[in-house]
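Survey of secondary and tertiary structure
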Amino acid sequence: MKRKFPKITIWSAIFAAIMASGLYATYLRIFYGLGGSTNLSDKFPWGLWIAFDVMCGVGLAAGGFTLVAMVHIFNIESYKPVLRPAILTAFLGYVLVVVGLMFDLGRPDRLWHPLVMWNPHSVMFEVAWCVTLYSTVLFLEFLPMVFEKFGWNRPLEWIHKISVPLMILGVLLSTLHQSSLGSLFLIVPEKLYPLWYTPMLPLMFYVSAIAAGLAMTIFESWHSSRAFGRALELPLLVSMGRVLAVVLSFYLWIRFLDLLHRNALGLLTHNRIETWLFALEIALMAVPMVLLYQAAIRLRPGALYACAVMVLFGFIANRLNVGTTGLEAGSGTHYIPKWSEVAVTLSIVAAGFAIFRAVVQYFPVFEAPSHAKARAEVEEPEVVLM
Amino acid sequence: MSKAILYDSTLCIGCKACEAACAERWGLPYTPAIAAEEKISAHKLTAVETHGERYSRRLCMNCQKPACVSVCPVGALQKTALGPVVYDGDKCMGCRYCMQACPFQVPSYEWNSRLPKMRKCDMCFERQSHGKQTACAEACPVGATLNGERDELLAEARRRIAAKPGEYYDRIYGVHEVGGTSVLYLSAVPFEQIGLRVNLPNEPLPETTWRVLELVPDVVSTGSVLLGGIWWITNRRAEVAKKEGRRK
């Protein structure tokens, strides 16, 4: 209850500070290059901007394809109320991933090169194509919200006609590139610490992305219900908590089996930084899994939210471990991001929250399309709350 | 029939003539300060390292099955039939996946440039395609760096080990490592003692990612059938339920 009246000023001040530092970091990035704005080196060429902005960004946007599959392909109608926020999160997520890439690429003006200069043997090439195509799919999946807002019925019908193949395409593209972000690291068996390096990396990335997508959906539902005074879709989120528990169990079980079959469990007895980071990552997934199996926890919005947050942190810890910390020993160097790297990352996250908030206020995101008539009544109080 | 370099660490006297020749070949500055740097970087594409009283030389291994070539999303890196792995800076978008993927940590980046490129040794592709020796081999006063056909250099290396078994560690580095490299090493001591990575698999690294990538068409086609089928079943079920509901 600490953020009651001064909520807006404090958060606006933090937001402004983050954006200001991000702007200065952007200036450094443009005029002093990657050397002047990052702690990257020849031995450690990828840092926070890849491990967080790209790898976490894409994973946290996985709710988009997960819910599209559940609602439109598996036809589980009850999840419909959170489908649109999930699509919006995914679309924004991918836009922000591209923004992050613009910072990280040495030549952002050549972002389009992989679309023209092909190398099908490159995982990065596949990811580039999938992300481009899937962003287009997400844009098309988001468009109905715009068309409905302005009452453009003709284009709305067109989109509905192609929606099924479009959604199947979206799920396929997501399956490919969510897993491929793991495949990126298959090429470094001698660098990535064996607690993380496994030929199963693509499967691990895919399953954990689904968990992160579900957790993100619970997370944003909770936040938007508070921010807009909306009723929480509690029965829906409780059932989603159940699904999340099962996905987490499956994920942790295959992680364990993988370590077992690679005879890597013995590594856990080594007192090394990697062991502790691994334990942290697993705990952040295992604790919410156990909690989510308790009905009493699932039914309490606060506890459900806390579990979702833990899963998100567990997911982020995993991506940072694979993308940075797990590579340090094998690369023979240390990496701690420069302040400007952190500033850019925080700015992108903050911008994501702000844009999400703005879009939700202007477009019919939090309502099923069938309830279009009820829109006018719902929209009023939202605008007032701005 | 591909070209290679044989570096015999037991013969190297650490004079750094190869470094100077390399800098000249690339038009890079070569000052005493740069000469003192014992690591490769964007302004120093080969470096002589001191390991106690022994020397070792670092340069791009120009692998037979290069990881960098396979990971480059824009095909800026190519393995030539001649042997060298060459780089086209006009294609490069600066993702630096080549640097991450290289098991020898060879590619360097122009970190402080506003329009940066990757840099690495290309085993003097231009010179070799005109029948000339690499700049480093030509400069070496003691024959520690030789340039020639890979098969012949391997035979030469084996000859040297057989002739003086006491003076050589009984292996040639680069024959099997990551599927073989174009730069071969001879040493008096085990290779990790002259700074070479010995935890490398013999399997070419591109195989690790290709095993997954080659599944993409299968995943797409199987996934389409499966998802389309599931949609058809569940949607049909929903339609039926809707109609039955209406009749009641």
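Parameters at a glance
- Residues numbered from 1 in each chain as written.
- Chains lettered and ligands numbered in written order.
- Predicted model: local features only at pLDDT ≥ 70, side-chain atom pairs only at ≥ 80, totals over all residues.
- Helix = DSSP H or I, 4+ residues; strand = E, 2+ residues; numbered from the N terminus.
- Rg over C-alpha atoms; globule rule 2.2 N^0.38 Å.
- Buried ≥ 20, exposed ≤ 12 C-beta atoms within 10 Å, placed from the backbone.
- Contact = placed C-beta atoms within 7 Å.
- Nonpolar A, V, L, I, M, F, W, Y, C, P; charged D, E, K, R; others polar.
- Domains from an automatic or database assignment.
- Core = buried A, V, L, I, M, F, W, Y, C linked by C-beta atoms within 7 Å.
- Pairing = 2+ DSSP bridges.
- Axes fitted to C-alpha atoms, helices over the stretch in contact; angles between N-to-C directions.
- Parallel < 35°, antiparallel > 145°, perpendicular 65-115°, else oblique.
- Left-handed = near helix turned anticlockwise from the far one by under 90°.
- Expected span 1.5 Å × (residues − 1).
- Arc of directions from axis to C-beta.
- pLDDT = per-residue confidence, 0-100.

Secondary structure assignment for chain B yields nine helices and nine strands. The C-alpha atoms of chain B give 25 Å as radius of gyration, which overshoots the globular expectation for 248 residues (18 Å, by more than 25%). Projected onto its principal axes, the C-alpha coordinates of chain B cover approximately 95 × 45 × 35 Å. Going through the 248 residues of chain B one by one, you find that 44% of them count as buried. Once local pairs closer than 6 in sequence are excluded, the contacts in chain B between residues at least 24 apart make up 62%.

A separate point is the overall build of chain A. Regarding its fold elements, chain A presents 14 helices and zero strands. Beginning at the N terminus, the succession of helices and strands in chain A can be written as α-α-α-α-α-α-α-α-α-α-α-α-α-α. By the compact-globule yardstick of 21 Å for 386 residues, chain A fits well, its C-alpha radius of gyration being 21 Å. Here the C-alpha coordinates of chain A stretch approximately 60 × 50 × 45 Å along the principal axes. By sequence separation, contacts in chain A at least 24 residues apart represent 78% of the contacts at least 6 residues apart.

Most peptide bonds take the trans form, and the phi angle of most residues other than glycine is negative. Residue and element names in this part refer to chain B. Phi angles above zero are rare outside glycine, and R96 is one such case at about 65°. Tracing the backbone through its elements, the reader meets R96 in the loop between β5 (85-87) and α4 (97-101). The class of R96 is buried, set by 22 C-beta atoms lying within 10 Å. We note that Q105 has phi near 50°; this positive angle belongs to a residue other than glycine. Residue position: Q105 is located in the loop between α4 and β6 (108-109).

So, about the interface of chain B and chain A. Buried accessible area, meaning the area lost when the parts come together, often serves as the stated size of an interface. Taken together, the contact between chain B and chain A spans 51 residues of the former and 43 residues of the latter. Broken down by secondary-structure element, the contributors of at least two residues to the side of chain B that touches chain A are α3 (67-71), α4, β6, α8 (206-213) and α9 (216-247) of chain B. Counting residues per element, the side of chain B that touches chain A draws most heavily on α9(B), at twelve residues. Broken down by class, the residue content of the side of chain B that touches chain A amounts to 30 nonpolar, 17 polar and four charged.

Before going further, it helps to examine the domain arrangement of chain B. Per the domain assignment, the segments making up chain B are domain 1 (3-204) and domain 2 (215-247). For domain 1 of chain B and domain 2 of chain B, the distance between their C-alpha centres works out to 56 Å.

Here we take up the nonpolar core. Residues A211(A), A215(A) and V311(A) are the most contacted members of the largest nonpolar core, which totals 179 residues. Of the residues forming this core, the biggest block, 14 residues, is contributed by helix α8 (residues 201-227) of chain A.

The pairing of strands in a sheet comes from backbone hydrogen bonds and takes either a parallel or an antiparallel form. Residue and element names in this part refer to chain B. The strand order across the open sheet formed by three strands is β8-β1-β9, and the pairing between neighbours is mixed. Since the sheet does not close on itself, it has two edges, and those belong to β8 (145-149) and β9 (183-186), each with one partner. Strand after strand, the sheet turns through a mean of 25° between neighbouring axes, direction not considered.

Moving on, we come to the packing of helix α7 (residues 153-183) of chain A against α8(A). Residues and elements named next belong to chain A. For the pair α7 and α8, interaxial distance at closest approach is 7 Å and the crossing angle is 125°. The pairing of α7 with α8 is recorded here as oblique in orientation. As for the relative orientation of α7 and α8, their crossing is right-handed in sense. In contact with T175, Q178, S179, S180, L181, G182 and S183 of α7, α8 contributes L201, P202, L203, M204, F205, Y206 and A209. Residue composition of the contact of α7 with α8, by class: eight nonpolar, six polar and no charged.

What follows is about helix α7 (residues 150-163) of chain B. Residues and elements named next belong to chain B. With 14 residues, α7 should cover 20 Å at 1.5 Å per step; its first-to-last C-alpha distance of 20 Å lies within 8% of that length. The set of residues buried in α7 consists of R150, L153 and A157. Along the long axis of α7, the arc covered by the buried residues comes to 65°, so they all point the same way. Within α7, the exposed residues directed more than 90 degrees away from the buried face are D151, E152, A155, R159, A162 and A163. Its buried side turned inward, α7 meets β1 (3-8), β8 and β9.

Interpretation of this model should avoid reading the predicted coordinates in detail wherever pLDDT is low. Considering every residue of chain A, the mean pLDDT works out to 89; 93% of them sit at 70 or more. For the stretch residues 368-386 of chain A, pLDDT sits under 50, and the model shows 16 contacts to residues farther than four places along the chain or on other chains.

Let us look at the pairing of strand β2 (residues 47-51) of chain B. All names here are of chain B. Here β2 pairs with strand β3 (residues 54-58) via five bridges, running antiparallel. The residue of β3 that forms the bridge with V48 is R57. Once β2 ends, the chain turns through two residues before running back antiparallel as β3, passing G52 with a positive phi of about 65°.

All names here are of chain A. The contact between helix α3 (residues 63-73) and helix α4 (residues 83-104) brings their axes to 7 Å, and the two run at 150°. With respect to the hand of their crossing, α3 and α4 are arranged in left-handed fashion. Residues G63, G64, L67, V68 and V71 of α3 touch α4, and the partners they reach there are L83, A86, I87, T89 and A90. By residue class, the composition of the contact of α3 with α4 is seven nonpolar, three polar and no charged.

Another aspect to go through is the pairing of β9(B). Residues and elements named next belong to chain B. Side chains V183 and Y185 project from β9 onto one buried face, and the interleaved L184 and L186 project onto a second face that is buried too. Note that β1 and β9 share four bridges and pair parallel. Within the sheet, the bridge partner assigned to L6 lies in β9 and is L184.

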